[in-house]
Amino acid sequence: MANPTKIAYSGIAISGKIGAGKTTVARLLSQQFNIPVFSLAYLLKEEVASAISHVTGLSRARILTVEKETWRPILQAWGQCMKQRYGDDYWVRQLFEAAPRPFICDDVRFPVELDRFQAENFLTVRLGVSPDNQRARVPGIQDKAHTDASETALDHQGDWGMYIHTDDRAAAFVAELIAAKALAGGPPEIRNGAPWRH
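Residues numbered from 1 in each chain as written. Predicted model: local features only at pLDDT ≥ 70, side-chain atom pairs only at ≥ 80, totals over all residues. Heavy atoms only, no water.

## Things to note about the overall build of the protein
This is how it is decided: Numbered from the N terminus, helices here are DSSP runs of H or I no shorter than four residues, and strands are runs of E no shorter than two. Accessible area is worked out with a 1.4 Å probe on protein chains only. A residue is then buried under 20% of its type maximum, exposed over 50%, and partly exposed in between. Every residue pair with non-hydrogen atoms within 4.5 Å of one another is taken to be in contact. For the accessible areas, the method is Shrake-Rupley and the probe is 1.4 Å, while residue cover comes only from the protein chains on display.
For the protein, the helix and strand inventory stands at 10 helices and 7 strands. Looking at the protein as a whole, 41% of its 198 residues are labelled buried. For the protein, restricting intrachain contacts to residue pairs at least 6 apart in sequence, the fraction spanning at least 24 positions comes to 75%. Surface accessibility of the protein: about 10400 Å² in total, with carbon and sulfur atoms responsible for 53%.

And the structure:
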């Protein structure tokens, strides 16, 4: 992407449970700022899809779209295996080696990832969503999606640049809130001794 809009951070890192709107909001911000979106899971998905394609003969596109729920357990196991072998920060290290600054990451899931984004001066954003809205936004969501470590590891993390509950908010409005903060810069906003929750 050429000529990105100057933001006050090295990028934007978005976290939230499945169905919170991470990908949608990231795409809107990408369009507004003309900066790319990278997912920590992108590198993982590419590795796994390549291996599965080699063994099964299925196309990588089919594995990553039509068949993605079938392969989700393998993705999660592969991701954990690589972290166990090369360190908890393996995927975030890979992303920072591959991605140009600034960029948007739409899938921060673990404390070590959040720590790296904060250390690299990214605006960190947590999108909250209720279980009812998760089920409405992601038909067929499995119970495991509520208990897997990749969904729960940051549930009680309070050190966010912004926290926005998305249940009653359109993605475009959420993106505008984040964009305003990304342009203005500054530390996390604190109101009454706690991070401001939009």
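Past the structure itself, the notes keep going.
## Some remarks on the packing of helix H5 (residues 90-98) against helix H6 (residues 111-119)
Let me state the cut-off plainly: Helix axes are fitted to C-alpha atoms over the stretch in contact, other axes to C-alpha atoms as well, and angles between N-to-C directions run from 0 to 180 degrees. Residues are grouped as follows: nonpolar covers Ala, Val, Leu, Ile, Met, Phe, Trp, Tyr, Cys and Pro; charged covers Asp, Glu, Lys and Arg; every other residue, Gly included, is treated as polar.
One way to put it is that H5 packs onto H6 with a least axis distance of 9 Å and a crossing angle of 35 degrees. When H5 is examined against H6, the residues Val92, Arg93, Leu95 and Phe96 are found in contact with a partner set consisting of Glu113, Arg116 and Phe117. Of the residues belonging to the contact of H5 with H6, the class tally is 4 nonpolar, no polar and 3 charged.

## Structural notes on the side chain of aspartate 106
Stated precisely, the cut-off is as follows: The charge count includes Lys and Arg as positive and Asp and Glu as negative, but it does not include His or the ends of the chains. Put simply, a salt bridge is a Lys or Arg side-chain nitrogen that is within 4 Å of an Asp or Glu carboxyl oxygen. Counted as a polar contact is a pair of N or O atoms within 3.5 Å, where, for protein atoms, one must be capable of donating a hydrogen and the other of accepting one, and residues adjacent in sequence contribute only when both atoms are in side chains.
Here aspartate 106 shows up in strand S3 (residues 103-108). One buried charged residue, aspartate 106, forms no salt bridge at all, with the nearest opposite charge on arginine 27 at 6.5 Å. For aspartate 106, the side chain forms a polar contact with the side chain of serine 39, separated by 2.4 Å. With residues near it in sequence (within four places) discarded, aspartate 106 still touches Ile14, Lys22, Thr23, Ala26, Val37, Phe38 and Ser39.

## A look at helix H4 (residues 68-86)
The criterion, for reference: Helix span, as expected, comes to 1.5 Å for every residue beyond the first. In this scheme, the bend at a residue equals the angle between the axes fitted to the seven residues that finish there and the seven that begin there.
Over its 19 residues, H4 runs 25 Å from end to end, which matches the ideal 27 Å to within 8%, given 1.5 Å per residue. At isoleucine 74, H4 shows its largest kink, close to 30 degrees. Taken as a whole, H4 has its buried residues at Trp71, Leu75, Gly79, Met82 and Lys83. Against the buried residues of H4 lie helix H2 (40-56), helix H3 (60-64) and H5. One or two residues past the end of H4 sits glycine 87, with phi positive at roughly 110 degrees.

## Some points on the sheet that holds strand S1 (residues 11-16)
To keep things clear, this is the line we draw: A pair of strands is treated as paired once DSSP finds two or more bridges between them.
The sheet built from 5 strands is open, its strands ordered S2-S3-S1-S4-S5 with parallel pairing. Unpaired on one side and paired on the other, strand S2 (37-38) and strand S5 (162-165) mark the two borders of the sheet. With 4 bridges connecting them, S1 and S3 associate as parallel partners. What sits directly across from glycine 11, in S3, is phenylalanine 103.

## Comments concerning the nonpolar core
Basically, it comes down to this: Definition used in this section: a nonpolar core is a set of buried Ala, Val, Leu, Ile, Met, Phe, Trp, Tyr and Cys residues joined via side-chain atoms within 4.5 Å.
Counting 24 residues, the largest nonpolar core has Leu40, Leu95, Phe103, Cys105, Val108 and Phe117 as the members making the most contacts within it. Taken together, the elements giving at least two residues each to this core come down to H2, H4, H5, S3 and H6. Other than its neighbours up to four places away in sequence, leucine 95 contacts Phe38, Ser39, Leu40, Leu43, Phe103, Cys105 and Phe117. Counting residues in each nonpolar core, the second largest holds 22 residues, with Tyr9, Phe33, Ile178 and Ala182 among its members.

## Overview of the packing of aromatic side chains
How two aromatic rings sit relative to each other is set out by the distance from centre to centre and by the angle between their planes. Convention followed: Ring pairs shown here join Phe, Tyr and Trp side chains whose ring centres sit within 6.5 Å, with only the six-membered ring taken for Trp; geometry is labelled stacked below 30 degrees between planes, edge-to-face above 60, and tilted in between. Only Lys NZ and Arg CZ are tested; either one counts as a charge over a ring when it is within 6 Å of the ring centre and within 35 degrees of the ring normal.
For the coordinates displayed, the defined rule picks out 9 aromatic pairs. When the ring of tyrosine 90 is compared with that of tryptophan 91, the centres are 4.8 Å apart and the planes differ by 80 degrees; the resulting orientation is edge-to-face. Note on accessibility: tyrosine 90 and tryptophan 91 belong to one class, buried. For the ring pair phenylalanine 96 and phenylalanine 103, a centre distance of 5.7 Å and an interplane angle of 65 degrees mean the geometry is edge-to-face. Ring-pair connections join several aromatic residues into one group, and the members of that group are Phe38, Phe96, Phe103, Phe117 and Phe122. Its end group placed over the ring of phenylalanine 110, lysine 83 keeps NZ or CZ at 3.4 Å from the ring centre. Against the face of phenylalanine 96 rests arginine 116, its NZ or CZ located 4.4 Å from the ring centre.

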